[in-house]
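# Structural features, examined
The chain contents come next:
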Amino acid sequence: MFQLIFPVITMVVVVGVIALFLHFVPLGLWISAIAAGVNVGIFTLVGMRLRRVPPSKIVLPLIKANKAGLEVNVNQLEAHYLAGGDVDRVVDALIAAHRAEIPLSFERSAAIDLAGRNVLEAVQMSVNPKVIETPVVSAVAKNGIELKVKARVTVRANIDRLVGGAGEATIIARVGEGIVTTVGSSADHKDVLENPDHISKTVLSKGLDAGTAFEILSIDIADIDVGRNIGAQLMTDQADADKRIAQARAEERRAMAVAKEQEMMAYTQEMQAKVVESQAEVPKALAQALRDGNLGVMDYYNMNNVLADTQMRETIAKVGPAASQEE
């Protein structure tokens, strides 16, 4: 029984040792590198395994670069991988730049990649410029007419300014600002409609690509639409505001007049109360005069007769015209 188990155990151990050896010593990758003419030592590949660097991530891009005629070595690629970069994309960018005769070193390409930009896309954009379409920009001419402008900006990547340079959002914002300034300085919106290229020339002359990762090649006006009459609307709003202010002031004056009227009515009532109060003192004065002998009885009756006669005359004067009108 032991004689049957021992060969099986031995075979399993041998297979395990061979598998462990092939894991740490990628013979197939080493043979591929030798066949491609790339000088990579077997111990270098073992060292990559120990440093937890997949050898295929280094050797295959190295073979690609060597076949393209680039001068890069294993240490550069491994250092870039350990720094968190994309080795394959950097090598592809170097090959594209080499074929397009764009000066680009490995250090520069690695710096661009570590900065978070797509270095391969940047190289492709240097060869094939990209068109950026701005959103609709609303601008108002001096005569108050609104214009809605849409522009297309053709840009080319500036590899020297990719690290630290502003992106597409800055280009769009600057172009929009230039459109608003150009339209706003026009005396009539018809001038802009007749010569839309004036916007392109004015905006392009401002050097909007300064400090950005792009070089502006052209700015083309794609569409111009006439919007609202902002000037008339502002005048209407101002007139409406003035009207409301005038109405408020008129209401204020009316309220003051009503208050003054109420005040005068109260004052009249006060004066009438004083008259009634004074009239109430007359009988007292007459009584006192009769007691003191300053006024006789006949004088008092004569005074009453005069008052009655006066009242009768006033009544006849009021009734007489009314009766004549009825007849």
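Only a predicted model underlies this, so the values are computations on that prediction, with no experimental measurement involved.

The subject of this paragraph is a nonpolar patch on the surface. On the surface, Val 297, Met 298 and Tyr 301 cluster together into a nonpolar patch covering about 340 Å² of accessible area. Inspection of the secondary structure puts Tyr 301 in helix H13 (residues 297–326). For Tyr 301, a relative accessible area of 47% translates into the label partly exposed.

A few words on the environment of Val 226. Within the secondary structure layout, Val 226 lies in strand S4 (residues 214–229). Each C-alpha atom, one on Val 226 and one on Ser 138, is 9.7 Å from the other, the two residues being 88 residues apart in sequence. The residues contacting Val 226, other than those within four sequence positions of it, are Ile 145, Glu 146, Leu 147, His 189 and Leu 193.

Right, let's talk about the pairing of strand S2 (residues 137–140) for a bit. Only one face of S2 is buried: it carries Val 137 and Ala 139, and the other face, with Ser 138 and Val 140, is open. With four bridges connecting them, S2 and strand S3 (residues 145–157) associate as antiparallel partners. Bridge pairing links Val 137 to Val 149 in S3.

The description of two packed helices rests on the angle between their axes and on the distance between the axes. Close contact between helix H5 (residues 74–82) and helix H7 (residues 106–114) brings their axes to 11 Å; oriented N to C, the two are set at 10°. Judged by the inter-axis angle, H5 sits roughly parallel to H7. Counting all contacts with H5, which are made through Gln 76, Leu 77 and His 80, the residues of H7 involved are Phe 106, Glu 107, Ala 110, Asp 113 and Leu 114. Per-class residue counts for the contact of H5 with H7 are four nonpolar, two polar and two charged.

Put simply, the largest pocket is a space of about 160 Å³. What lines the largest pocket is Arg 117, Asn 118, Glu 121, Ala 122, Met 125, Lys 130, Ala 157, Leu 162, Gly 167, Glu 168 and Phe 214. If you tally residues by element for the lining of the largest pocket, the top one is helix H8 (residues 119–127), at three residues. Looking at the lining of the largest pocket residue by residue, the classes come out as five nonpolar, two polar and four charged.

Taken as a whole, the protein shows an average pLDDT of 79; of its residues, 87% reach a score of 70 or greater. No element of the protein has a lower mean pLDDT than helix H1 (residues 2–24), at 55, and none a higher one than strand S1 (residues 130–133), at 87.

Moving on: the packing of helix H4 (residues 55–67) against H5. Their axes nearest at 10 Å, the elements H4 and H5 cross at an angle of 135°. Classified by the angle their axes make, H4 and H5 are oblique. Handedness of the H4/H5 crossing: right-handed. Facing H4, whose interface residues are Lys 57, Ile 58, Pro 61 and Leu 62, H5 presents Val 74, Leu 77, Glu 78 and Tyr 81. Grouping the amino acids of the contact of H4 with H5 by side-chain chemistry returns six nonpolar, no polar and two charged.

With 17 residues, helix H9 (residues 168–184) extends 24 Å between its outermost C-alpha atoms, agreeing within 8% with the 24 Å of an ideal straight helix rising 1.5 Å per residue. Of the residues making up H9, those classed as buried are Ile 171, Val 175, Gly 176, Gly 178, Ile 179, Thr 182 and Val 183. Seen along its axis, H9 keeps its buried residues to an arc of 160°; they face one direction. Turned more than 90 degrees away from the buried face of H9 sit Ala 169 and Glu 177, all of them exposed. Buried residues along H9 sit against S2, S3, helix H10 (189–194), helix H11 (197–204) and S4.

Along H7, the positions that sit buried rather than exposed are Phe 106, Ser 109, Ala 110, Ile 112 and Asp 113. Buried residues of H7 fall within an arc of 160° about the axis and therefore sit on the same side. Lining the buried residues of H7 we find H5, helix H6 (87–99) and H8. Gly 116 lies just past H7 and shows a positive phi near 100°.

With that settled, the discussion passes to the environment of Ala 166. Mapped onto the elements, Ala 166 comes out in the loop between S3 and H9. For the pair Ala 166 and Ala 213, spaced 47 residues apart in the sequence, the C-alpha separation amounts to 5.6 Å. Not counting the four nearest positions on each side in its chain, Ala 166 is found in contact with Arg 117, Gly 211, Thr 212, Ala 213 and Phe 214.

Definitions and limits used
- Residues numbered from 1 in each chain as written.
- Predicted model: local features only at pLDDT ≥ 70, side-chain atom pairs only at ≥ 80, totals over all residues.
- Heavy atoms only, no water.
- Patch = residues over 30% accessible without salt bridge, like charges linked within 9 Å, V, L, I, M, F, W, Y side chains within 5 Å.
- Areas by Shrake-Rupley, 256 points an atom, 1.4 Å probe, with all protein chains shown as cover.
- Salt bridge = Lys/Arg side-chain N within 4 Å of Asp/Glu carboxyl O.
- Helix = DSSP H or I, 4+ residues; strand = E, 2+ residues; numbered from the N terminus.
- Buried < 20%, exposed > 50% of the residue type's maximum accessible area, 1.4 Å probe, protein only.
- Contact = heavy atoms within 4.5 Å.
- Pairing = 2+ DSSP bridges.
- Axes fitted to C-alpha atoms, helices over the stretch in contact; angles between N-to-C directions.
- Parallel < 35°, antiparallel > 145°, perpendicular 65-115°, else oblique.
- Nonpolar A, V, L, I, M, F, W, Y, C, P; charged D, E, K, R; others polar.
- 1 Å grid on protein atoms, 1.4 Å probe; cavity = no way out; pocket = protein on both sides within 12 Å on 5 of 7 lines; lining within 4 Å.
- Points joined across faces, edges and corners; volume = space filled by probe spheres on them.
- pLDDT = per-residue confidence, 0-100.
- Left-handed = near helix turned anticlockwise from the far one by under 90°.
- Expected span 1.5 Å × (residues − 1).
- Arc of directions from axis to C-beta.

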